[in-house]
Amino acid sequence: MTYLELSQVSFNYPKQNKQVLKEINLNIKNEVTAIVGANGSGKTTLTKLMLGILQPVNGQIRLEGKSLTEYSLAEVGRRIGYIFQNPDQQFFCPTVFEEIGFSLTHRGYGPEAVRKKVNYYLDYFELSAYKNVYPLHLSQGEKRRLAIAAILVNDPEFLILDEPTVGLDVYRKKLLHEHLLKTVGLGCGMILVSHDIKFVERVAERVVELENGQIRRDRRQKDTIGQEA
Ligand SMILES: Nc1ncnc2c1ncn2[C@@H]1O[C@H](COP(=O)(O)OP(=O)(O)OP(=O)(O)O)[C@@H](O)[C@H]1O
Ligand SMILES: [Mg+2]
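Residues numbered from 1 in each chain as written. Chains lettered and ligands numbered in written order. Predicted model: local features only at pLDDT ≥ 70, side-chain atom pairs only at ≥ 80, totals over all residues. Heavy atoms only, no water.

A.B. asks: Give me the lowdown on the site of ligand 1, citing residues and values where you can.
C.D. replies: Around ligand 1 there are 14 residues in total, and Lys18, Gly40, Lys43, Thr45 and His195 lie nearest to it. The contact in question runs from an oxygen atom of ligand 1 to an N or O atom on the side chain of asparagine 39, over 3.0 Å. A distance of 3.3 Å separates an oxygen atom of ligand 1 from a polar backbone atom of serine 41. Protein contacts shield 65% of the accessible area of ligand 1, which totals 640 Å² for the unbound molecule. Across the shell around ligand 1, the residue classes tally to three nonpolar, nine polar and two charged. (Near = heavy atom within 4 Å. Polar contact = N/O pair within 3.5 Å; in protein donor to acceptor, adjacent residues only side chain to side chain. Areas by Shrake-Rupley, 256 points an atom, 1.4 Å probe, with all protein chains shown as cover. Nonpolar A, V, L, I, M, F, W, Y, C, P; charged D, E, K, R; others polar.)

Written as structure tokens, this is what we have:
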């Protein structure tokens, strides 16, 4: 079943002549879809449109059959976990622990339940030693892991990850891969925006390539899920 449906979606940033996306037609299902393409081809813009952070100039976006304009930003945010290309944009808490636990507390989890869940993610992404550190003081790879942990902890039904492997070493990439496979196994679909072709080859079932705001290629990969990272 189609999760996100884009019909004839065009976009340009305000006061810019350049059309960043041109009449995009794209159906995203509950699987792992990679979006690839050169710098500036429109990948991040496309994901922000899918979340309703930006609105198309023309065309329609539907989430499970209903127009995105009928959802509030918060509602979309609860359903789709979004990991920003630049993790600094995502952080707003004074410590790593609170960054991961914030939305759980907000959703009514008690302190003990929050502690248990946060500790699991601190441990999995090897951030326990930094739990009292200010997120912006972390290294690039640690920030990336924190950004991912802070989203995955909410068990979203769908994930959009914009360049999740940037700054990760080989071992941490493998851990991320394994965690994503587990998440997919639980029925979570995802969009993976990446320049990391090897990671895309291992994780994605479908690869959509953008070029100058248009879809240049849309192909399926066989038996990628479950390959060794
Ligand atoms: N806020 C903005 N205002 C004006 N133009 C923008 C803005 N954000 C992006 N652009 C332009 O829109 C185009 C697409 O940008 P986008 O960030 O979507 O590309 P991308 O494919 O994600 O690139 P990258 O691989 O570098 O992350 C680029 O030409 C960029 O300069
Ligand atoms: Mg981008």
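Moving on from the model shown.
A.B. asks: Any details on the sheet that holds strand β2 (residues 21–29)? Residues and values, ideally.
C.D. replies: The strand order across the open sheet built from four strands is β2-β1-β4-β5, with neighbouring strands paired in antiparallel fashion. Both outer strands of the open sheet, β2 and β5 (66–67), are each paired with one neighbouring strand and no more. In this structure, strand β1 (residues 2–11) lies alongside strand β4 (residues 58–63), joined through five bridges in antiparallel fashion. Paired with glutamate 5 across the two strands is arginine 62, which belongs to β4. Packing of helix α1 (residues 43–51) onto the sheet brings it into contact with β1, β2 and β4, and relative to β2 it is tilted by some 65°. (Pairing = 2+ DSSP bridges. Helix = DSSP H or I, 4+ residues; strand = E, 2+ residues; numbered from the N terminus. Contact = heavy atoms within 4.5 Å. Axes fitted to C-alpha atoms, helices over the stretch in contact; angles between N-to-C directions.)

A.B. asks: Would you mind going over the coordination of the magnesium ion (ligand 2) in detail, with residue names and values included?
C.D. replies: Looking at the metal site, the magnesium ion (ligand 2) is ligated by Thr44 (OG1) and Gln85 (OE1), spaced 2.0 to 2.3 Å from it. Of this pair, threonine 44 sits in helix α1 while glutamine 85 sits in the loop between β6 (80–83) and α3 (96–106); the two residues are 41 residues apart in sequence, bridging distant segments of the chain. Using a relative accessible area of 38% as the deciding quantity, one classes glutamine 85 as partly exposed. (Donors = N, O, S within 2.8 Å, 3.2 Å for Na, K, Ca; no water. Buried < 20%, exposed > 50% of the residue type's maximum accessible area, 1.4 Å probe, protein only.)

A.B. asks: Before we move on, can you summarise the layout of surface pockets with the specific residues and values?
C.D. replies: Roughly 810 Å³ of volume is contained in the largest pocket. Among the elements of the structure, α2 (73–79), β6, α3 and α5 (140–152) are those that each provide at least two residues to the lining of the largest pocket. (1 Å grid on protein atoms, 1.4 Å probe; cavity = no way out; pocket = protein on both sides within 12 Å on 5 of 7 lines; lining within 4 Å. Points joined across faces, edges and corners; volume = space filled by probe spheres on them.)

A.B. asks: Break down the sheet that holds β6 for me, citing the residues and quoting the values.
C.D. replies: If you walk across this open sheet you meet the six strands as β6-β7-β8-β3-β9-β10, and the pairing is mixed. Of all strands in the sheet, those with a lone pairing partner are β6 and β10 (214–220), marking the two edges. For this sheet the average axis-to-axis angle between neighbouring strands, irrespective of direction, equals 15°. Two strands pair when backbone bridges link them, and strand β7 (residues 158–162) and strand β8 (residues 189–193) are joined in this way by five bridges, in the parallel orientation.

A.B. asks: Lay out the packing of aromatic side chains in plain terms, naming residues and giving numbers.
C.D. replies: Applying the stated criterion to the full structure yields eight aromatic pairs. Measuring from ring centre to ring centre gives 6.3 Å for tyrosine 120 and tyrosine 124, while their planes differ by 25°; the resulting arrangement is stacked. Taken as a pair, tyrosine 120 and tyrosine 124 lie in helix α4 (residues 111–124) at a separation of four residues, close to a single helical turn. Under the relative-accessibility criterion, tyrosine 120 is labelled partly exposed at 37%. Ring pairs connect the aromatic residues Tyr120, Tyr121, Tyr124 and Phe125, which therefore count as one cluster. Geometry around tyrosine 71 places lysine 66 over its ring, the cationic atom sitting 4.6 Å from the centre. (Phe/Tyr/Trp six-rings, centres within 6.5 Å; stacked < 30°, edge-to-face > 60°. Lys NZ or Arg CZ within 6 Å of the ring centre and 35° of its normal.)

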